[in-house]
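Chain and residue survey
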Amino acid sequence: MITLFFRLLGRGIRDLGLHPWANIFTLVAVTMVSLLAGLFMLTLHNINQELLKTRGEVQFQVFWEPSTERDAYISQWEKLSEIEGLREIHTFTPQNALTQLSSALDKDGDFSYLNNSNPLPPTALLSFSVEPGASDENWASDLLKRLKSLKGVEKVHYNPMQIDLARGWINLTKTVVWPVIAFLGLVVALVVGNTMRLSLMTRKDEIEILYLVGAKQWFIRLPILTGGAVQGLLGGALATGILYGLQQFLQNMLNFPPLFMKIGFLPLEQCAMLIGTVTLVGILSSFVAVR
């Protein structure tokens, strides 16, 4: 029985070569529809990521005492860079801070006379992604206590309203983006499903003959379902590959002032969802068509 099962799977793959042009056109249609869906998902993903950079993060500004030894705060900066949820860290030694201040004030910013008695403290600006700790209401307060407990830290500044704003924005994106992706999946299912059904019309006579000679339903359907799965899998994989090539070609298209937006690729789970959805649609549409 197991041998027969695998033979039928192999037959389903071989049968794709019986009507090559019909199957090629079907594969092209499936790939193009999947590519359009992937482009839409890629656009949504990048817009969401760019907005989360400003709406989905919380910043903590940490000031050390001016008398803190350089080795002490440098080692602490290294440990801070390993905190979970940290998106980026900007650190300023007293000399760096003085240089930045001088540059900002341009002609009026000559503070070279303070080099030997610099009053500016070592500073670190930490930007955290809220999402890893969004489910924990005490996340920000616990982090604040942790930062204040560091040796030599004089004060820590952060805006509590950023927490609420970030959580609200994350909830909004989940409420809006995922229903849009679900609707897009439905459109892909309808288009791919109808395409697969039309392609199976070329095998109508073969299926009717098998029914007439008394073949079992599973014996008839399994090779056809296998062919639908293969076409869906190939179409989804080809679309993902083309989408990746486009992303690599266009990744720096918007990376110029004032946008500085680098186009990133879809996360692995969304790629798997796209390919899996198209494969599942291929199986289901083949099942409906053969009935």
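Residues numbered from 1 in each chain as written. Predicted model: local features only at pLDDT ≥ 70, side-chain atom pairs only at ≥ 80, totals over all residues. Heavy atoms only, no water.

This part is about the overall build of the protein chain. Looking only at helices and strands, one finds 9 helices and 4 strands in the protein chain. Counting helices and strands in the order they occur from the N terminus, the protein chain gives α-α-β-α-β-α-β-α-β-α-α-α-α. Across the 291 residues of the protein chain, 39% fall into the buried class. Once local pairs closer than 6 in sequence are excluded, the contacts in the protein chain between residues at least 24 apart make up 80%. Only carbon and sulfur atoms are counted for the fraction: they give 63% of the accessible area of the protein chain, which is about 17,400 Å². (Helix = DSSP H or I, 4+ residues; strand = E, 2+ residues; numbered from the N terminus. Buried < 20%, exposed > 50% of the residue type's maximum accessible area, 1.4 Å probe, protein only. Contact = heavy atoms within 4.5 Å. Areas by Shrake-Rupley, 256 points an atom, 1.4 Å probe, with all protein chains shown as cover.)

Within strand β3 (residues 123–129), 6 of the 7 residues are buried, leaving the element largely enclosed by the surrounding structure. Two elements, strand β2 (residues 86–92) and β3, share 6 bridges in a ladder whose sense is antiparallel. Looking at the pairing, Ile89 lines up with Leu126 of β3. (Pairing = 2+ DSSP bridges.)

What follows deals with the packing of aromatic side chains. In this description, a pair of aromatic rings is defined by centroid distance and the angle of the planes. Under the criterion given, the structure shown has 3 aromatic pairs. On the basis of an interplanar angle of 45 degrees and a centroid distance of 4.9 Å, the ring pair of Tyr73 and Trp77 is categorised as tilted. In this pair, Tyr73 and Trp77 both sit in helix α3 (residues 70–80), 4 residues apart, roughly one turn of the helix. What makes Tyr73 buried here is its relative accessible area of 4%. (Phe/Tyr/Trp six-rings, centres within 6.5 Å; stacked < 30°, edge-to-face > 60°.)

This next bit is on the environment of Val288. With respect to the helices, strands and loops of the structure, Val288 is situated in helix α9 (residues 268–290). Since its relative accessible area comes to 46%, Val288 is described here as partly exposed. A C-alpha to C-alpha distance of 8.9 Å links Val288 and Gly193, two positions 95 residues apart in sequence.

Looking at helix α5 (residues 139–148), one finds that the buried residues are Trp139, Ala140, Leu143, Leu144 and Leu147. For α5, the angular spread of buried residues about the axis comes to 130 degrees, placing them on one side. (Arc of directions from axis to C-beta.)

Turning next to α3. Among the residues making up α3, those that are buried are Tyr73, Gln76, Trp77 and Leu80. For α3, the angular spread of the buried residues around the axis is 105 degrees, confining them to a single face. The exposed residues of α3 that point more than 90 degrees off its buried face are Asp71, Glu78 and Lys79.

The subject of this paragraph is the nonpolar core. Counting 19 residues, the largest nonpolar core has Phe60, Trp64, Leu126, Phe128 and Leu147 as its most contacted members. If you list the elements that add at least two residues to this core, you get β1 (57–64), α3, β3, α5 and β4 (153–158). When residues in this core are grouped by element, the largest group, 5 residues, is from α5. Counting residues in hydrophobic clusters, the runner-up holds 14 residues, among them Val33, Val188, Leu243 and Leu274. (Core = buried A, V, L, I, M, F, W, Y, C linked by side-chain atoms within 4.5 Å.)

What follows concerns the side chain of Gln76. Checked against the element boundaries, Gln76 lands in helix α3. Taking the relative accessible area as the measure of exposure, Gln76 reaches 11% and is therefore buried. When sequence neighbours within four positions are dropped, the list of residues in contact with Gln76 reads Trp64, Leu150 and Lys151.

Attention shifts here to the environment of Gly235. Mapped onto the elements of the fold, Gly235 is located in helix α8 (residues 217–250). With 206 residues separating them along the chain, Gly235 and Ala29 place their C-alpha atoms 8.3 Å apart.

A grouping of Trp21, Ile24, Phe25, Val28 and Met32 is seen on the molecular surface, where their side chains present a nonpolar patch of about 570 Å² in accessible area. Here Phe25 is to be found in helix α2 (residues 20–55). The class of Phe25 is exposed, set by a relative accessible area of 57%. (Patch = residues over 30% accessible without salt bridge, like charges linked within 9 Å, V, L, I, M, F, W, Y side chains within 5 Å. Salt bridge = Lys/Arg side-chain N within 4 Å of Asp/Glu carboxyl O.)

Once that is clear, we can look at the environment of Leu120. Following the sequence through the fold, Leu120 ends up in the loop between α4 (94–105) and β3. It is 7.1 Å that separates the C-alpha atoms of Leu120 and Leu98, two residues lying 22 residues apart in sequence. Setting aside residues no more than four positions away along its own chain, Leu120 makes contact with Pro94, Ala97 and Leu98.

Two numbers describe how helix α7 (residues 204–212) lies on α8: the axes approach to 9 Å, and their chain directions differ by 160 degrees. Taken together, the axes of α7 and α8 lie roughly antiparallel to each other. In terms of crossing hand, the pair formed by α7 and α8 is right-handed. Counting all contacts with α7, which are made through Ile207, Leu210 and Tyr211, the residues of α8 involved are Gln217, Ile220, Arg221 and Ile224. (Axes fitted to C-alpha atoms, helices over the stretch in contact; angles between N-to-C directions. Parallel < 35°, antiparallel > 145°, perpendicular 65-115°, else oblique. Left-handed = near helix turned anticlockwise from the far one by under 90°.)

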